[in-house]
Amino acid sequence: MNRSILFIISFLAIFAESLLAPYYPMYFKQVFDIQDSNTVGWYIAACRIVFMGAYPIWAIVSKRYSLRNILVCTQGMAGIICIASAYCNSYTLFLVLSLLMVFFKASYLLIYPHLIQHSCSRYKEISILGIILNVGMICSALISSLWIQQFNIQHIFFIIAAFDFLQMVISYYFLVPNTVLAATENIDRKEYSISAYTFIRIAILTFFIYFVSTTLRPFYTDFILNQINYRYTILEAGCLFILPSFSVILFYFIFKKESRLPSNATMMIIAFCFAASVYAQQFEMLFILTCLIRIVYGFLLFYLCVYLDLLFFESVSSGHVAVWYGLIHAIQNTAYLIAPLYTGSQIAVLGLAVQFDIAFLISLFFLSIIIITSISFKRKQHRYESFR
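The model shown is predicted, which means the values in this text are computed figures rather than measured ones.

Criteria and thresholds
- What you see as residue numbers is a count from 1 along each chain, following the sequence as written.
- Predicted model: local features are reported for residues with pLDDT of at least 70 only, side-chain atom pairs are reported and counted for 80 or more only, and whole-chain, interface and lining totals are derived from all residues.
- Side-chain measures here rest on the full set of heavy atoms in the structure, leaving out hydrogens and waters.
- A run of DSSP states H or I qualifies as a helix once it reaches four residues; a run of E qualifies as a strand once it reaches two. Both are numbered from the N-terminal end.
- The buried label goes to any residue with under 20% of its type's maximum accessible area, the exposed label to any with over 50%, and the partly exposed label to all in between, with areas taken from a 1.4 Å probe on protein chains only.
- Note on contacts: a residue pair is in contact if any heavy atoms of the two residues lie within 4.5 Å.
- Salt bridges, as used here, are contacts in which a Lys or Arg side-chain nitrogen is within 4 Å of a carboxyl oxygen on Asp or Glu.
- Pairing of aromatic rings covers Phe, Tyr and Trp, the last through its six-membered ring, and needs centres within 6.5 Å; plane angles under 30 degrees mean stacked, over 60 mean edge-to-face, and all others mean tilted.
- Whether a charge lies above a ring is judged from NZ of Lys or CZ of Arg, which has to be within 6 Å of the ring centre and within 35 degrees of the ring normal.
- Under the convention used throughout, the expected extent of a helix is 1.5 Å for every residue step, that is, one less than its residue count.

K.L.:
Any chance you could explain the side chain of threonine 215 here in plain terms?
P.N.:
Along the chain, threonine 215 turns up in helix H9 (residues 196-215). Under the relative-accessibility criterion, threonine 215 is labelled buried at 0%. What threonine 215 contacts, discounting residues up to four positions off in sequence, is Ala339, Thr343, Gln355, Ile358 and Ala359.

K.L.:
In this structure, what is going on with the pattern of salt bridges? I would like to understand it.
P.N.:
Applying the stated criterion to the full structure yields 2 salt bridges. The partner of lysine 29 in a salt bridge is aspartate 222, and the shortest N-O contact between them spans 3.4 Å. In this pair, lysine 29 is assigned in helix H2 (residues 24-32) and aspartate 222 in helix H10 (residues 220-225), connecting sequence segments 193 residues apart. Owing to a relative accessible area of 12%, aspartate 222 belongs among the buried residues under this scheme. One salt bridge in this structure joins aspartate 164 and lysine 105, with 2.7 Å as the shortest N-O distance. Taken together, the positions of aspartate 164 in helix H8 (residues 156-174) and lysine 105 in helix H5 (residues 91-105) put the pair 59 residues apart, joining distant regions of the chain. Neither residue differs from the other here; aspartate 164 and lysine 105 are each classed as buried.

K.L.:
What is the right way to read the packing of aromatic side chains from this model?
P.N.:
By convention here, two paired aromatic rings are described through the distance between centres and the angle between planes. Following the criterion strictly, the structure yields 32 aromatic pairs and no others. Site record: aromatic cluster; members linked through ring pairs are Tyr24, Tyr27, Phe28, Phe32, Tyr43, Tyr91, Phe94 and Phe157. Over the ring of tyrosine 172 we find arginine 68, and its NZ or CZ is 4.6 Å from the ring centre. Taking NZ or CZ as reference, arginine 294 lies 3.8 Å from the ring centre of tyrosine 220, over its face.

K.L.:
Just checking my understanding: could you explain H8 for this structure?
P.N.:
Because each turn of an α-helix spans 3.6 residues, side chains separated by three or four positions in sequence point in the same direction. Helix length check: H8, at 19 residues, gives a terminal C-alpha distance of 27 Å against a target of 27 Å (1.5 Å per residue), a fit within 8%. Those residues of H8 lying buried are Ile156, Phe157, Ile159, Ile160, Ala161, Asp164, Gln167, Ile170 and Ser171.

Shown next, in the form of structure tokens:
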């Protein structure tokens, strides 16, 4: 029962967290009369810093208090802060409330290690959580698009608060009171974990791929709504925003039984096509063509993320997974932090289309690392075979 309930809570948390994600620039313009993309970038970065710092704090708290009690308290507090945010017209106060809200919301991350540690298949559990993440983002983007077209954009915080309170109620009534995180097993430090070369390769590729995906998120709907040749509605912009997530769900079942790493040649082709799909998104075109490019982009992004997951789990020894995965997670968050800051500053000077140039350049770096490391690996393998 706890496992299903934790999945439901994860969905509700992601749904609530993502409701306003496509429309931060619009929210700042309508509520605070702030049109500076740099300010939006700093706001997102500040929330990400608090999110990164809050999780270790809740991990320490979880050693003394049950997961159920933590979620009941934190999601309740987040809901109260959301209601206050709905009436806030001062940017400074809104920023303070947002950071407090993010701090309390971050406690739901405690669900992930609990699910993974109690799972027979870690890879399967991570995949399910990925699907829940994308379904939550799709539903939230559709609901927020419909809401913003009909109602005051500030009042969307009432929906977020309702979902926070729903998480609180579900946690109180359905989670077992003594649900605590499993203790980490002792690890022999002399046991082989992962080579420095492999980890650096995975780390760089991970940073680049998450940098690209984060670059194209905060300001994408703003770009679509400000096109000159084609006029899109808020709902159409929201649909375009979620199409990559939709394609992840669609193509997940194709890779569901994937157990082997693709060849280096395949990865070079995929990385090249991914860079092309990023570059093509900056052009104004018919709605159906834009949809097609977004679907292709989402599919290729998902394929590359699956590749990095497979590469990581095949490279690291089982006893060290938690330690090294924590480092990979930190690298992802670093990309999440830097991308909106840099993109926002460049958009303020060069316009909304520059986000695609930035993402394209980073995707070319990603392709270069794939090519260079593949050639390097082949040379090492050839020398090893010659030595034998």
